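# Coordinates in review
Below are the chains, spelled out letter by letter.
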Amino acid sequence: MLDESLKSEIQGAYRRVIDSLDLTPRYGQRLMIAEISRTLANIEMDDAGKRTSNEHVCVLEAGTGTGKTLAYLLSALPVAKARGKRLVLATATIALQEQVLHQDLPALKAHSGLAFDYALAKGRGRYVCVARLDQAMDGGGEDNPTLSLFEQALDADHGDDFQKLVRELGDAYGNGRWEGDRDSWGEAIDDVHWRRLTVDHRQCTNRRCGHFGACAFFRARRHLDSADIIVANHDLVLADLALGGGLVLPDPADCIYVFDEGHHLPDKAISHFTYRFSVGGGLRWLRNLRGSLAELNKSLGVQPTLARLLGGLPTLIEGIEPRLGEAFAMGHQLAQRSEGLEEGEDNLHHRLAMGVVPDALREHADALVTVFAELCRSLESMADILRESLDPEKSTGLPREQAEAWLPLMALLHGRALEAHVLWQAFAERDPQDAPPRARWLTLERFKGEPELSFSASPVSAAQTLAKSLWGRCFGAVVTSATLTALGRFERLQERAGLANRYRYQILPSPFDYSRAVLSVPPEACDPSNREAHEKAIVDFVEALDEQQAVLVLFSSRAQLRGVERALSRARRERVLAQDRLPKRELVERHRARVDAGEGSILFGLASFAEGVDLPGSYLTHVVITRLPFSVPDDPVGATLAEWIESQGGNPFMRISVPDASIKLVQACGRLIRKEADEGRITLLDRRVLTRRYGRALLDALPPFVREIDGVVQGR
């Protein structure tokens, strides 16, 4: 229950922020604060602080200009502190994360009167491993077992650069000028170099490490332990949940999550639980392991159990290598490319229809599951012994120095074996009859000129995983974004993100006056199925644009963007700033500079320009959408889901394509009105919005712009 003292604290903090920063109170913002406060404060819990109620999640669509960051911080923070929980704020993009961390939270702390601490959470792989850095500074990299097996060939041409980088990093970390995270270093660090200086959770020895007191990751972790607000990203939350929760972030049961840009969460989750195994890559690391057995036995064979486990590795490797060779041949036969890729081909995807694995391959995968399981057990046992050898209170018979040198390699091998085991398990298992299948596919490609074959498997929906691992475990959660609904409803998000009907859902009112903008479907608009006529219509329309306008033209394909650009007159082409010619940020800066100079400017962009581009006021007065943003589900995951829906008697176009197009169309139109005083025009050059039965639904899901059809303003 939201008691009066908590209610008063939130209201008082809101008034202080509004007054101090001279902000305008917004109805939608106040409504959002009330909705979040009510939802989180009404969560029931037992005497141990465990949640006992099931209406603990609220889903709020809050358009641009609502002031949602301030709203969810002011409402969720006081409730979280009152309930003894931690607030985890997760964003989908670096830009929003930096805004929250460097602008919103400092302003809130300075002006709200609320006392709180906050910290940024990053994965272990973003921090330098001090032990590895120290080893590299001492010149020990050349004798490092992990490096000798996997990284020397990659780094052969970068020795001097690496040593120079190591000296600079070591000096800066030792003098306190650098905190050890990759992102705060002044220059980009090459991936190959960084891999030599960091570790994952399996390779890290934690408190057993001689450098634990100076560890960059655990220093940051200690800061997290005292923070009331933890700023993270969607990927880190998902990674922590996949590890069981509570390893990097606090236990989900002790967290209230806020997922900003929440419409990205389902896709992030699907990507996170996609498994991949490259046959050639697997064979390479197995050969490297076999070639290093003599060195391993020499260094570790003094320990009896390690000697026995190492003695069994040749048999295990001999059992795996020929099976992987057979899988390589079977994959090429399935893809009907027994000779591999043709000349000029870079790669080829072969999707298994309905995710069904042919019996011969499924049986072969089952055999690979067994042999990789045995390899996993052996490598895990060896890694465990090496970890124990680092503990001064345990006597394993292996010197600490030997264990410390070889543990990173053993943990790396164990991780690779686990990845292989999980992938082959996904190919060996049959999918339940009453649920969507996994997507399964093969990819033919090349690695250093040699044929490569990868096997991949992915869920087609993250709903079940998110429902169980996230919504079912957390104390409370808020999901918000400017675009959560499809066709004005939350059903598509519920289906994709596993959000239950019993949770609270609301579309918050926008502070913008959308009658200041005109949505036009002009006479030039035509059906994109006639590609030549449609491309000519775009060219003619762009040629006729006013010289002084600030325009964003959004294309659905790179080929059409380039085709239109080539077809323009030279004078008009000189006014165009096209994606792919320059980095996105540089294009936007040049566009702004032209507008500041009193000139017109035309930006040509693809889908990435339809979301996240902020050009308020005179920087954007006209958005041209060349065609409705339908996505063809030709990727293996989307195609498998569409195939399954059709097999169930459904219509994948109406169930997936139209709702998803509605979201993208709202996002594209949202580029125009960014502030209360903004105005302008949105032109849609796709006549299907008028001629197809789904067109009315797409139009009605848009904000209440003034509509102009074939040059005639429509009554509302």
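Placed above this text is the structure.
This text gives an overview of the structure that appears in the document. (Residues numbered from 1 in each chain as written. Predicted model: local features only at pLDDT ≥ 70, side-chain atom pairs only at ≥ 80, totals over all residues. Heavy atoms only, no water.)

Take the overall build of the chain next. Looking only at helices and strands, the chain has 27 helices and 19 strands in total. Taking 27 Å as the expected radius of gyration for a compact globule of 716 residues, we find that the chain reaches 28 Å, a close match to that expectation. Summarising its shape, the C-alpha atoms of the chain cover approximately 85 × 70 × 55 Å along the three principal directions. For the chain, buried positions account for 52% of its 716 residues. (Helix = DSSP H or I, 4+ residues; strand = E, 2+ residues; numbered from the N terminus. Rg over C-alpha atoms; globule rule 2.2 N^0.38 Å. Buried < 20%, exposed > 50% of the residue type's maximum accessible area, 1.4 Å probe, protein only.)

Let us look at the sheet that holds strand β5 (residues 255-259). An order of β3-β4-β2-β5-β10-β1-β11 is seen for the 7 strands of this open sheet, with the pairing classed as parallel. In this open sheet, the two edge strands, each paired with only one partner strand, are β3 (118-120) and β11 (504-507). The average undirected angle you get between the axes of adjacent strands in this sheet is 15 degrees. Bridge count for strand β1 (residues 57-61) against strand β10 (residues 476-481) is 5 bridges, and the pairing is parallel. Considered in β10, the bridge of Val-59 is made with Val-479. The sheet strands contacting helix α3 (residues 68-82) are β2 (86-91), β4 (229-233), β5 and β10, and the helix crosses β2 at an angle near 155 degrees. (Pairing = 2+ DSSP bridges. Axes fitted to C-alpha atoms, helices over the stretch in contact; angles between N-to-C directions. Contact = heavy atoms within 4.5 Å.)

Let us now look at helix α4 (residues 94-111). Taking 1.5 Å per residue, 18 residues should reach 26 Å; α4 reaches 25 Å between its end C-alpha atoms and fits that length. If you look at α4, its biggest bend is around 40 degrees, right at Val-100. Buried residues of α4: Leu-96, Gln-97, Val-100, Leu-101, Leu-105 and Leu-108, and no others. At its buried positions, α4 is contacted by α1 (4-20), α3, β2, β3 and β4. Following α4 by one or two positions, Gly-113 adopts a phi angle in the positive range, close to 85 degrees. (Expected span 1.5 Å × (residues − 1). Bend = angle between axes of the 7 residues up to and from the residue.)

Before going further, it helps to examine empty space enclosed by the protein. This structure, assessed with the given rule, holds 2 cavities of 30 Å³ or more. Taken as a whole, the second largest cavity encloses approximately 40 Å³ of empty space. For the second largest cavity, the full set of lining residues is Leu-120, Ala-121, Lys-122, Tyr-127, Phe-217, Ala-220, Arg-221, Leu-224 and Val-248. A per-element tally of the lining of the second largest cavity places helix α10 (residues 216-226) first, with 4 residues. When its residues are assigned to classes, the lining of the second largest cavity shows 7 nonpolar, no polar and 2 charged. (1 Å grid on protein atoms, 1.4 Å probe; cavity = no way out; pocket = protein on both sides within 12 Å on 5 of 7 lines; lining within 4 Å. Points joined across faces, edges and corners; volume = space filled by probe spheres on them. Nonpolar A, V, L, I, M, F, W, Y, C, P; charged D, E, K, R; others polar.)

Before going further, it helps to spend a moment on the side chain of His-622. Tracing the sequence through the fold places His-622 in strand β16 (residues 622-625). Setting aside chain neighbours within four positions, we find His-622 in contact with Phe-541, Leu-545, Gln-549, Ala-550, Val-551, Leu-552, Leu-672, Arg-681 and Thr-683.

A separate point is the sheet that holds strand β17 (residues 680-684). Strand order in the open sheet made by the 8 strands is β14-β15-β13-β16-β17-β12-β18-β19, with mixed pairing throughout. Here the strands that pair on one side only, and so sit at the sheet edges, are β14 (576-578) and β19 (712-713). With 4 bridges connecting them, strand β12 (residues 517-521) and strand β18 (residues 706-709) associate as parallel partners. Across the sheet, Ser-520 pairs through a bridge with Glu-708, a residue of β18. Lying over the sheet, helix α23 (residues 584-596) contacts β13 (550-554), β14 and β15 (601-605), oriented at roughly 165 degrees with respect to β14.

Another aspect to go through is helix α14 (residues 293-300). Within α14, the full set of buried residues consists of Leu-293, Leu-296, Ser-299 and Leu-300. Down the axis of α14, the buried side of the element spans an arc of 135 degrees, and every buried residue falls inside it. Opposite its buried face, α14 presents the exposed residues Ala-294 and Lys-298, each directed more than 90 degrees away. Tucked inside the fold, the buried residues of α14 contact α13 (279-291), α15 (304-334), α16 (359-389) and α17 (400-428). (Arc of directions from axis to C-beta.)

Let us look at the pairing of β13. Most of β13 is tucked away, with 5 of its 5 residues classed as buried. In β13, alternate side chains face the same way, and those of Ala-550, Leu-552 and Leu-554 on one face and Val-551 and Val-553 on the other are all buried. Relative to β16, β13 is paired through 4 bridges, and the arrangement is parallel. Each bridged residue has a counterpart across the sheet, and for Leu-554 the counterpart in β16 is Ile-625.

Below, the discussion takes up the packing of α1 against α3. When two helices pack together, their arrangement is captured by the angle between the axes and the distance separating the axes. Between α1 and α3, whose axes approach to 10 Å, the crossing angle comes to 145 degrees. Between α1 and α3 the crossing geometry is right-handed. Here α1 contributes Leu-6, Glu-9, Ile-10, Ala-13, Tyr-14 and Val-17 to the contact with α3, which in turn contributes Leu-70, Leu-74, Ser-75, Pro-78, Val-79 and Ala-82. For the contact of α1 with α3, the class distribution of residues is 10 nonpolar, 1 polar and 1 charged. (Left-handed = near helix turned anticlockwise from the far one by under 90°.)

Time to look at unusual backbone geometry. At Met-354, a position not held by glycine, the phi torsion is positive, near 55 degrees. Within the secondary structure, Met-354 sits in the loop between β7 (348-351) and α16. For Asp-710, which is not glycine, the phi dihedral falls at a positive 50 degrees. You can see Asp-710 is positioned in the loop between β18 and β19. On the basis of relative accessible area, Asp-710 is assigned to the partly exposed category, the value being 35%.

Moving on: the pattern of salt bridges. Side chains carrying opposite charge are able to pair once their charged atoms draw close together. Counting across every chain of the model gives 40 salt bridges. Among the salt bridges present, the one from Arg-284 reaches Glu-452, with a minimum N-O distance of 3.4 Å. Highlighted residues: Arg-284 in helix α13 and Glu-452 in strand β9 (residues 450-458), separated in sequence by 168 residues. When the shortest N-O distance is used, the salt bridge between Glu-599 and Arg-575 registers 3.7 Å. Here Glu-599 is found in the loop between α23 and β15, whereas its partner Arg-575 is found in the loop between α22 (570-573) and β14, with 24 residues between them in sequence. With relative accessibility at 37%, the residue Glu-599 sits in the partly exposed group. A relative accessible area of 19% places Arg-575 in the buried class. One salt-bridge network, in which partners are shared between bridges, spans Lys-122, Arg-126, Asp-181 and Asp-183. (Salt bridge = Lys/Arg side-chain N within 4 Å of Asp/Glu carboxyl O.)

Time to look at the nonpolar core. Among the nonpolar cores identified, the biggest contains 68 residues, and Tyr-257, Leu-466 and Trp-471 are the most heavily contacted of them. No other element matches helix α8 (residues 159-174), which puts 6 residues into this core. Here Tyr-257 is in contact with Val-88, Val-237, Leu-241, Pro-250, Pro-252, Leu-470, Cys-474, Gly-476, Ala-477 and Val-478, once residues within four sequence places are set aside. Leu-286, Leu-341, Ala-383 and Leu-453 belong to the second-largest nonpolar core, a separate cluster that totals 56 residues. (Core = buried A, V, L, I, M, F, W, Y, C linked by side-chain atoms within 4.5 Å.)

Moving on to the packing of aromatic side chains. Under the counting rule described, the total for this entry stands at 20 aromatic pairs. A ring pair is formed by Trp-424 and Phe-455, whose centres lie 4.8 Å apart and whose planes are at 55 degrees; its orientation type is tilted. With a gap of 31 residues between them, Trp-424 in helix α17 and Phe-455 in strand β9 connect regions that are remote in the sequence. Both residues of the pair, Trp-424 and Phe-455, count as buried. (Phe/Tyr/Trp six-rings, centres within 6.5 Å; stacked < 30°, edge-to-face > 60°.)

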